[in-house]
Amino acid sequence: MISHFRHWQYQTPSPVLGYSLAVLLAAAAQMARIPLHQPTLMPHISYVPFVVLSAALGGFGPGLLTTGMCILESMYFATEPIGSFRVGDPRLWGGLGALAFTGLVTCILFDSLKGAWRSYAAAAAAEAQLAREREARQRMLESIIQNSPAAIALLRGPRFTFAIVNPAHQAMVPGALVGRTVASVWRAAAPVIIPILNVVRNARTVYHATGFGLQVDRGEGSPVEERYFDLSFVPLSGPGGEGDVEILMVAIETTEQKRAEADLRAAYSQLAAIHSNAPVLLLVIDEDFRVREANDLAARFTGKDVSALSGLPPGGALGCLSALTDPLGCGQGLSCGQCPLRLAISDTLTSGNRHDGIEAWLPQCVGGLWRQRCLLVSTTALKLDNLNKVLVCAQDITERKQAEVALARQRDELQRQAELINLSHDAIVTADANRVIRGWNRGAEEMYGWTEAEAVGNVMHLFLRTGGCNSIAQNGEVFSREDQWDGELEHIRRDGQPIRVESRQVILRNAAGLDIRILEINRDITHRRRAEDALNRTVRQLESALAEKTVLLQEIHHRVKNNLAVTASLLSMKADGCGPEAKLALEESQQRIHSIALVHEHLYSSERLDRIDIGEYARELAQGVYSASGGENRGIGLDLELDPIELGIERAVPCALILNELLSNAFKYAFPGGRTGRILVSFRRPEPGCCELAVEDDGVGLPAGALGGQNKSLGLRIVAILTSQLDGSLEQKACPGTRIVLRFPVEP
């Protein structure tokens with residue numbers, strides 16, 4: 001049986017059997033994974049035994065067939081994406097390469113082993129040929145090792161000394177490596193590598209690692225840097241027998257790949273950050289006209305979550321009322337056929353055309369509030385997963401459009417104001433901080449005679465030869481302190497004629513508070529000043545004439561008062577030589593003359609020569625009559641309620657005479673036989689346009705109808721005549737004594 005086994009070892013089966021066995025072993029390798037495990041970073045490990053078995057049983061060709069089929073099975077069933085020969089994770093290519101390399105090496109080794117056994121069976125006759133074949137195979141293996149892009153080395157001995165090193169490995173570390181130990185070559189990585197090598201040697205197990213990070217230095221004085229490798233440690237039997245183990249070290253550097261992956265992840269993170277924080281709305285639309293991706297700003301724009309936008313049509317995702325309210329959805333409304341957003345997306349989907357700068361107004365409802373929003377839209381065609389999609393970039397420019405409308409209105413308003421400024425007859429001039437003229441309206445052209453082109457660029461006060469009450473420096477001090485100056489200036493026109501202007505100057509500042517313009521508005525007041533000067537001269541002449549007339553009237557009133565006083569004195573002298581009845585009549589006349597004289601005395605002593613304060617006059621007259629009648633000695637009291645009311649002389653004199661008559665009668669007839677009492681005199685304005693004079697006493701009383709009787713006294717007849725002269729009325733009111741009320745109209 002041993003002989004049969006040895007025969008199997010060095011005999012290669014027929015091709016049909018060998019390749020059939022290879023196919024069965026490849027199928028068995030996949031069946032061994034049922035149930036299918038989750039994909040791993042080392043999907044090839046489970047296939048290695050079957051590759052080795054196929055190489056051992058079938059030889060080189062079947063072993064390679066099994067290796068190729070296992071690689072395809074690993075790509076299809078054990079790597080992402082499942083069910084596809086595409087490898088999603090680039091790192092898995094290293095594992096697949098290691099599997100291929102392992103299969104290749106295994107096939108070569110087993111094929112060589114079979115050849116060795118065949119050579120051993122052929123005995124001495126074939127020994128020379130076997131040596132030549134072995135040497136050829138050795139050279140082939142060395143050639144493969146020497147020309148392999150992978151770093152390959154053979155380690156021997158307990159200290160893992162480099163016995164064979166290929167150029168790829170030699171290029172990683174400067175200097176000769178053969179004869180040196182791993183600890184001396186890979187000093188920084190030795191603490192990590194040596195324990196793994198010990199395990200491989202002691203357990204005689206293969207070790208594979210992808211993306212393995214090692215601290216590597218390139219020699220003395222070189223910095224330590226982290227490098228990444230796909231590592232394989234394969235235990236091999238050494239020439240020393242069963243206990244002699246050599247380790248085949250295969251390393252493929254993947255540092256650049258790792259860095260590229262890190263850069264890719266960083267770029268993806270940046271792209272994700274840009275996608276989330278971009279100041280524009282981003283939507284990805286598929287061929288079904290549905291949103292597949294949206295950024296955070298699009299969600300905030302519509303007040304929804306990002307997940308809620310997925311699957312919606314563009315109008316629904318953007319909150320368009322036409323899309324939300326129409327039962328058939330987006331694109332079915334009456335206005336959807338002309339929607340610029342929908343038309344641009346459709347054109348980009350069908351023809352791939354790019355659209356930029358499209359303005360689309362959408363009726364939108366967010367939070368129950370209806371509003372019209374304007375979006376600036378661009379569309380770009382995308383090809384993702386072999387599917388046509390559209391990237392929609394939209395920016396909300398509603399505020400900008402509103403600002404443009406407001407700016408247009410403001411521009412129109414400024415244009416109207418500019419037209420009004422040009423229509424003004426006032427000279428409106430603007431200058432910079434150095435008073436250099438920058439603006440000159442038509443009113444300035446008409447006033448001064450220079451055109452705008454001639455005036456602009458000149459210094460204002462030098463150009464107009466400004467003069468005035470104050471110096472330019474004094475005006476400038478006030479101007480800089482108060483930001484405004486008002487006053488009169490003298491300017492010289494183009495024709496040399498001086499003009500006088502009423503000027504207002506204002507500093508115009510910008511948002512930073514810096515002086516940027518001086519606005520000066522000048523109004524020609526030359527003719528007005530001349531008219532005012534002429535008017536002032538006339539007023540002064542009139543005031544002089546009025547003063548003369550006033551002095552004259554005062555003198556007239558004074559002389560009338562003196563003449564009346566002389567007349568009263570003559571009557572008094574005449575009364576001294578007459579009988580009692582005549583004397584009484586003359587004294588009454590004297591009192592009447594005195595009341596008239598008192599009016600003229602008030603007129604010439606007041607500021608106004610045509611009116612007197614009747615209240616003040618009545619007070620003085622009543623007190624005079626009270627003293628002349630001996631009221632205090634008779635025990636008669638006098639009460640006065642007099643409002644300060646002014647009356648003209650034509651009403652004051654009759655009113656004074658009536659008051660004199662009524663008071664005199666009250667003192668004469670109201671308190672006979674030593675009777676005491678009180679007399680009340682009141683003068684007031686009960687209503688606008690009417691005055692009321694009342695004399696009331698609590699004496700014996702006047703018989704009813706005495707005012708209208710035929711036998712009334714001279715005084716009452718005088719009162720009646722004067723009342724008629726005043727267009728007034730005289731009434732006797734019921735009271736405990738006598739109350740006579742005079743009412744007459746006056747100017748309000």
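What you are looking at is a predicted structure, and each value in this text was computed from that prediction instead of being measured.

> I'd like a rundown of helix α24 (residues 649–669), residues and numbers included.
Taking 1.5 Å per residue as the helical rise, α24 with its 21 residues ought to reach 30 Å, and the 30 Å between its terminal C-alpha atoms agrees with that figure. For α24, the buried fraction is high: 16 of the 21 residues fall into the buried class.

> Could you give me a rundown of the pattern of salt bridges, with the residues and numbers involved?
Applying the stated rule across the entire model yields 28 salt bridges. For Arg523, the salt bridge is made with Asp426, and the minimal N-O distance between the two is 2.8 Å. Placement of Arg523 in strand β16 (residues 515–524) and of Asp426 in the loop between α16 (398–423) and β11 (427–431) is noted, with a sequence separation of 97 residues between them. Here the residues in one salt-bridge network are Glu488, Glu490, Arg500, Glu502, Arg528, Arg529 and Glu532, joined through shared partners.

> I'd like a description of the nonpolar core, backed by residues and values.
If you look at the biggest cluster of nonpolar residues, it comprises 38 residues, and the most contacted ones within it are Ile614, Leu647, Leu659, Leu663, Ile679, Phe683 and Phe744. Elements with a minimum of two residues in this core: α23 (614–628), β18 (636–642), α24, β20 (677–687), β21 (690–697), α25 (714–725) and β23 (738–745). Element by element, the count of residues in this core is highest for α24, at 11 residues. Those residues in contact with Leu659 that lie beyond four places of it in its chain are Ala618, Leu621, Val681, Leu693 and Val695.

> If you had to explain the packing of aromatic side chains to someone new, which residues and values would you point to?
According to the stated counting rule, one finds 6 aromatic pairs in the structure shown. Ring geometry for Trp186 and Phe229: centres 6.5 Å apart, planes at 75°, overall edge-to-face. Residue Trp186 is found in the loop between α8 (182–185) and α9 (190–203), and its partner Phe229 is found in strand β4 (residues 225–237); the two are separated by 43 residues along the sequence. Accessibility classification places Trp186 together with Phe229 in one group, the buried group. With centroids separated by 5.9 Å and ring planes inclined at 20°, the aromatic side chains of Tyr207 and Phe233 adopt a geometry described as stacked. Placement of the pair is Tyr207 in strand β3 (residues 207–216) and Phe233 in strand β4, with a sequence separation of 26 residues. Using a relative accessible area of 24% as the deciding quantity, one classes Tyr207 as partly exposed.

> Describe the sheet that holds β18, naming the residues involved and giving the relevant values.
The strand order β18-β20-β21-β23-β22 describes an open sheet built from 5 strands, whose pairing is mixed. Only two strands of the sheet have a single neighbouring strand rather than two, namely β18 and β22 (729–733). Adjacent strand axes in the sheet meet at a mean angle of 15°, parallel and antiparallel pairs treated alike. Here β22 pairs with β23 via 5 bridges, running antiparallel.

> Would you mind going over the packing of helix α2 (residues 15–31) against helix α4 (residues 60–78) in detail, with residue names and values included?
Packing of α2 against α4 leaves a shortest axis separation of 8 Å and a crossing angle of 25°. Classified by the angle between their axes, α2 and α4 sit roughly parallel to one another. In the crossing of α2 with α4, the sense of the turn from one axis to the other is right-handed. Residues Gly18, Tyr19, Ala22, Val23, Leu25, Ala26, Ala27, Ala29 and Gln30 of α2 touch α4, and the partners they reach there are Gly61, Pro62, Leu65, Thr66, Met69, Cys70, Glu73 and Phe77. In terms of residue class, the contact of α2 with α4 is made up of 12 nonpolar, 4 polar and 1 charged.

What counts and what doesn't
- Residues numbered from 1 in each chain as written.
- Predicted model: local features only at pLDDT ≥ 70, side-chain atom pairs only at ≥ 80, totals over all residues.
- Heavy atoms only, no water.
- Helix = DSSP H or I, 4+ residues; strand = E, 2+ residues; numbered from the N terminus.
- Expected span 1.5 Å × (residues − 1).
- Buried < 20%, exposed > 50% of the residue type's maximum accessible area, 1.4 Å probe, protein only.
- Salt bridge = Lys/Arg side-chain N within 4 Å of Asp/Glu carboxyl O.
- Core = buried A, V, L, I, M, F, W, Y, C linked by side-chain atoms within 4.5 Å.
- Contact = heavy atoms within 4.5 Å.
- Phe/Tyr/Trp six-rings, centres within 6.5 Å; stacked < 30°, edge-to-face > 60°.
- Pairing = 2+ DSSP bridges.
- Axes fitted to C-alpha atoms, helices over the stretch in contact; angles between N-to-C directions.
- Parallel < 35°, antiparallel > 145°, perpendicular 65-115°, else oblique.
- Left-handed = near helix turned anticlockwise from the far one by under 90°.
- Nonpolar A, V, L, I, M, F, W, Y, C, P; charged D, E, K, R; others polar.

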